[in-house]
Amino acid sequence: MTGRFITLEGIEGVGKSTNTKFVADLIKAAGHDVIITREPGGTPLAERLRDIALHHDDEPVPATAELLIMFAARSLHLENLIKPAIAAGRWVVCDRFTDATYAYQGGGRGQDGERISALERWVQSGTQPDLTILLDADPTIGMTRAAERSAADRFEREREEFFQRVRLTYLARAERYTSRFRVIDAGRSLDRVQEDIRNVINKEL
Ligand code: Z5A
């Protein structure tokens, strides 16, 4: 028996962390073994790379270095956590994955999509999420929610136009990969959002 791989995506503050836990609880209640993880991060070394990507203000991080850090962390995460868990029959619910790289490093920072695809093929060797829930909302909503919650990291200090580009890249990917993506309007109340998520997960179960 193999497990399944579910990712949650979206711009900052749309409710990914909140709903990653919600999704995992639904799966657990249905009797499956489930783990929650996140990107960048998910293993001790990958979490150290996350810290470099998000919090190092003492030295500039060029866009190419940022892209490679994301995939270095992803390689550790895939080989040391995600693939073994799925092979053992566990369900993996992950807060962000490679769609975030297309959205942030591609759409946001303007890195070449072909370069990202080449790294994706190399690092993932065909591993893709079975299901991706895209929580979609206008950046002003997410930025307000995130600002109320904690101090800004390197990404969160970006301007609204950056997040508009990120959002549009996510939506373009959802249109392109319709069998994997489910887009949910995350600008509504948490109850309404979770009602839709429950329907999506029930179908998956
Ligand atoms: N990144 C990248 O550049 N490339 C990559 O390949 C990857 C990542 C994998 C990781 O930060 C950063 O890494 C990210 C992109 C980059 N940077 N940004 N921006 P992260 O994982 O911490 O991502 P984040 O988007 O900054 O997380 P967040 O700010 O914690 O947002 P969230 O997880 O989507 O939201 P939340 O914590 O669940 O909710 C935020 C608040 O809103 C909280 O108080 C909730 O209670 C509230 N909330 C949630 N939903 C609702 C609704 N529906 N109504 C009202 N209030 C709500």
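Note that the structure is a prediction, hence the values are computed from the model and not measured. (Residues numbered from 1 in each chain as written. Predicted model: local features only at pLDDT ≥ 70, side-chain atom pairs only at ≥ 80, totals over all residues. Heavy atoms only, no water.)

Novice: Pulling in residues and values, what's your account of the packing of aromatic side chains?
Specialist: Summed over the entire model, instances satisfying the criterion amount to 4 aromatic pairs. For the ring pair Tyr104 and Phe162, a centre distance of 6.0 Å and an interplane angle of 55° mean the geometry is tilted. Of this pair, Tyr104 sits in helix α4 (residues 98–108) while Phe162 is found in helix α7 (residues 160–176), placing the two residues 58 residues apart along the sequence. Side by side, Tyr104 and Phe162 carry an identical accessibility label, which is buried. (Phe/Tyr/Trp six-rings, centres within 6.5 Å; stacked < 30°, edge-to-face > 60°. Helix = DSSP H or I, 4+ residues; strand = E, 2+ residues; numbered from the N terminus. Buried < 20%, exposed > 50% of the residue type's maximum accessible area, 1.4 Å probe, protein only.)

Novice: Account for the layout of surface pockets, with residues named and values stated.
Specialist: Roughly 870 Å³ of volume is contained in the largest pocket. Lining the largest pocket are 41 residues; nearest its centre among them are Glu12, Gly13, Lys16, Ser17 and Arg96. Among the elements of the structure, α1 (16–29), β2 (34–38), α2 (44–55), α3 (63–87), α4, α6 (139–149) and α8 (190–204) are those that each provide at least two residues to the lining of the largest pocket. No other element matches α1, which puts 6 residues into the lining of the largest pocket. Grouping the amino acids of the lining of the largest pocket by side-chain chemistry returns 15 nonpolar, 12 polar and 14 charged. Put simply, the second largest pocket is a space of about 160 Å³. (1 Å grid on protein atoms, 1.4 Å probe; cavity = no way out; pocket = protein on both sides within 12 Å on 5 of 7 lines; lining within 4 Å. Points joined across faces, edges and corners; volume = space filled by probe spheres on them. Nonpolar A, V, L, I, M, F, W, Y, C, P; charged D, E, K, R; others polar.)

Novice: Report on the environment of Asn19, specifying residues and quantitative values.
Specialist: In this fold, Asn19 is placed in helix α1. Given the relative accessible area of 1%, Asn19 is considered buried. Between the C-alpha atoms of Asn19 and Leu135, which are 116 residues apart in sequence, the distance is 9.4 Å.

Novice: Mind laying out α1, listing which residues take part and the relevant values?
Specialist: With 14 residues, α1 extends 20 Å from end C-alpha to end C-alpha; this agrees with the ideal 20 Å at 1.5 Å per step. Taken together, the buried positions of α1 are occupied by Lys16, Asn19, Thr20, Phe22, Val23, Ala24, Leu26 and Ile27. A positive phi of about 95° marks Gly31, the residue just after α1. (Expected span 1.5 Å × (residues − 1).)

Novice: Please provide a residue-by-residue account of the sheet that holds strand β5 (residues 181–185), values included.
Specialist: Sheet architecture is open: 5 strands sit in the order β2-β3-β1-β4-β5, paired in parallel fashion. Each edge of the open sheet carries a strand with a single partner, namely β2 and β5. When the angles between neighbouring strand axes are averaged without regard to direction, this sheet yields 20°. Relative to β5, strand β4 (residues 131–136) is paired through 5 bridges, and the arrangement is parallel. Within β5, the position partnered with Asp136 by the bridge is Asp185. Of the strands in this sheet, β1 (5–9), β3 (91–95), β4 and β5 touch α8, which is tilted by about 170° from β4. (Pairing = 2+ DSSP bridges. Axes fitted to C-alpha atoms, helices over the stretch in contact; angles between N-to-C directions. Contact = heavy atoms within 4.5 Å.)

Novice: Now, about the site of the ligand: what can you tell me, with residues and values included?
Specialist: Close contacts around the ligand come from 27 residues, with Lys16, Thr18, Arg96, Thr101 and Arg149 the closest. One nitrogen or oxygen atom from the side chain of Arg50 is found 3.1 Å from an oxygen atom belonging to the ligand. Here an oxygen atom of the ligand and a side-chain polar atom of Arg96 are 2.6 Å apart. Taken atom by atom, the bulk of the ligand overlaps the largest pocket. Counting only elements with at least two residues in the shell around the ligand, the list comes to α1, α2, α3, α4 and α6. Ranked by the residues each element gives to the shell around the ligand, the list is headed by α4, at 4 residues. Its residues assigned to classes, the shell around the ligand shows 10 nonpolar, 7 polar and 10 charged. (Near = heavy atom within 4 Å. Polar contact = N/O pair within 3.5 Å; in protein donor to acceptor, adjacent residues only side chain to side chain. Sits in = over half its atoms within 2 Å of the grid points.)

These values are about where atoms sit, not about what they do.
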